Amino acid sequence: QLTDSVVQLGLVRGVQFVPLLFFSPIAGSAADRYSRKALLVFSQAVNAVMFAMLAALIYTHSIEPWHVYVTAVFAGIMQVIQHPARTSLISDTVPVEFLTNAIGLTSLIYNGARLFGPALAGAIIAAASTGGAFAVQAACMTFATVWALMLRPVAPKLKVQREPFLRSIVMGW
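Counting starts from 1 at the beginning of each chain's written sequence and moves along it residue by residue. Residues qualify for local features only when their pLDDT is at least 70, as the model is predicted, and side-chain atom pairs are given and counted only at 80 or more; totals for whole chains, interfaces and linings, by contrast, use all residues. To obtain the side-chain values, all non-hydrogen atoms of the structure were used and water was disregarded.

*Asks:* What exactly am I supposed to notice about the environment of Leu40 here?
*Replies:* Under the DSSP-based scheme used, a helix requires at least four consecutive residues in state H or I and a strand at least two consecutive residues in state E, with every element numbered from the N terminus. Within the fold, Leu40 resides in helix H2 (residues 36-59). The exposure class of Leu40 is buried, given its relative accessible area of 6%. In the structure, Leu40 is positioned 24 residues away from Gln16 in sequence and 18 Å away in space, judged by C-alpha atoms. For this analysis, residues touch if any pair of their heavy atoms sits within 4.5 Å. Not counting residues within four places of it along the chain, the set of residues in contact with Leu40 comprises Gln82, Ala85, Arg86, Leu89, Ala148 and Leu151. For the exposure calls, accessible area comes from a 1.4 Å probe over protein chains only, and a residue counts as buried if that area is under 20% of its type's maximum, exposed if over 50%, partly exposed in between.

See the structure below:
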């Protein structure tokens, strides 16, 4: 809407996935070593703040294309942090007898959101503008952050010997 350029739209989507190439092994190693809950809460909270700021910029007519690019890059970084933390957290919070069902349900919800999310966003944009869509996204991320704060992961049963952090990143690449 800012530029009426399909090329810029494609570039925004493209830069959102650049962090995936560079930071995935780092985020995966971090999820193995640090609090998965803290990583998840941090990344969701940052997303909520970014989307709220973007909504505010849109509503105040202060939005510029570079705001969208910066948000896309940081949203990509937060997604890279969030994904391994979220997927590993399942085994930390669900009893073993329900783990298969929990993984399946999580996959269903994640892929369902990828399928229906754009259509829902389009409906919100039609009803409440692009700023409204980002405001709804910020509200959803805030709700998800509060919900994640209520998670009670169980302590690991075994002490696992791990390789050095840098080595695990290199092995991830």
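*Asks:* How should helix H4 (residues 99-149) be read in this particular structure?
*Replies:* Count 3.6 residues to each turn of an α-helix, and residues three or four apart come out pointing the same way. Every helix has an expected span of 1.5 Å times one less than the residues it contains. Between its first and last C-alpha atoms H4 spans 21 Å; for 51 residues at 1.5 Å apiece the expected length is 75 Å, and the helix comes up short by more than 12%. Ala128 marks the point of greatest bend in H4, at about 125°. Of all the positions in H4, only Ala102, Ile124, Thr130, Gly131, Gly132, Ala133, Ala138, Met141, Thr145 and Ala148 are classed as buried. Looking at the buried side of H4, the elements it contacts are H2 and helix H3 (65-93). Bend, in this description, refers to the angle at a residue between axes fitted to the seven residues ending there and the seven starting there.

*Asks:* Would you mind showing me how to read the packing of aromatic side chains here?
*Replies:* In this description, an aromatic ring pair is defined by two values, namely the gap between the centres and the angle between the planes. Note on ring pairs: Phe, Tyr and Trp rings are taken, using the six-membered ring of Trp, and paired if centres are within 6.5 Å. Classes follow the plane angle, with under 30 degrees stacked, over 60 edge-to-face and the rest tilted. Taken as a whole and assessed by the stated rule, the structure comprises 2 aromatic pairs. With 6.1 Å between their ring centres and 35° between their planes, Phe51 and Phe134 make a pair best called tilted. Residue Phe51 is located in helix H2, and its partner Phe134 is located in helix H4; the two are separated by 83 residues in the primary sequence. Note on Phe143 and Trp147: the rings are 5.4 Å apart at their centroids and 50° apart in plane angle, and the pair reads as tilted. A residue pair is termed a helical-turn pair when its members lie 3 or 4 positions apart in one helix, as Phe143 and Trp147 do in helix H4 at 4 residues. Relative accessible area serves as the criterion here: at 56%, Trp147 is assigned to the exposed category.

*Asks:* I keep staring at the nonpolar core and nothing clicks. Help me out?
*Replies:* Ranked by internal contacts, the top residues of the largest apolar core, which has 17 residues, are Leu39, Leu40, Phe51, Met78 and Ile81. For this core, the secondary-structure elements that each account for two or more residues are helix H1 (6-33), H2, H3 and H4. The contacts of Ile81, once residues within four sequence positions are left out, are Ala27, Leu39, Phe42 and Ser43. What is meant by a nonpolar core is a set of buried Ala, Val, Leu, Ile, Met, Phe, Trp, Tyr and Cys residues, joined one to another through side-chain atoms within 4.5 Å.

*Asks:* Please clarify how the packing of H3 against H4 should be interpreted in this entry.
*Replies:* Each pair of packed helices can be described by the angle between their axes along with the distance between the axes. Axis angles are defined between N-to-C directions and span 0 to 180 degrees, where every axis is a line fitted to C-alpha atoms and, for a helix, only to the segment in contact. Running from amino to carboxyl end, H3 crosses H4 at an angle of 140°, the nearest separation of the two axes being 11 Å. Where H3 crosses over H4, the two elements pack in a sense that is right-handed. Contact residues: Gln79, Gln82, His83, Arg86, Ile90 and Ser91 in H3; Leu99, Ala102, Ile103, Thr106, Tyr110 and Met141 in H4. Broken down by class, the residue content of the contact of H3 with H4 amounts to 6 nonpolar, 5 polar and 1 charged. Handedness of a helix crossing follows the sense of rotation of the near helix relative to the far helix, less than a right angle counterclockwise being left-handed and clockwise being right-handed. Three classes are used: nonpolar for Ala, Val, Leu, Ile, Met, Phe, Trp, Tyr, Cys and Pro, charged for Asp, Glu, Lys and Arg, and polar for all others, with Gly counted as polar.

*Asks:* Help me out: how do you make sense of a nonpolar patch on the surface in this one?
*Replies:* There is a patch of nonpolar side chains on the surface, built from Val18, Leu21, Phe22, Phe23, Ile26 and Trp173 and spanning about 610 Å² of accessible area. Examined against the element boundaries, Val18 turns out to sit in helix H1. A patch consists of residues whose relative accessible area exceeds 30% and which take part in no salt bridge; residues with like charges are grouped when within 9 Å of each other, and nonpolar side chains (Val, Leu, Ile, Met, Phe, Trp, Tyr) when within 5 Å. Only the protein chains shown count as cover for residues, with accessible areas throughout obtained via the Shrake-Rupley method and a probe of 1.4 Å. Throughout this description, the term salt bridge denotes a Lys or Arg side-chain nitrogen within 4 Å of a carboxyl oxygen of Asp or Glu.

Take it as geometry only, folks, not as evidence of what the structure does.
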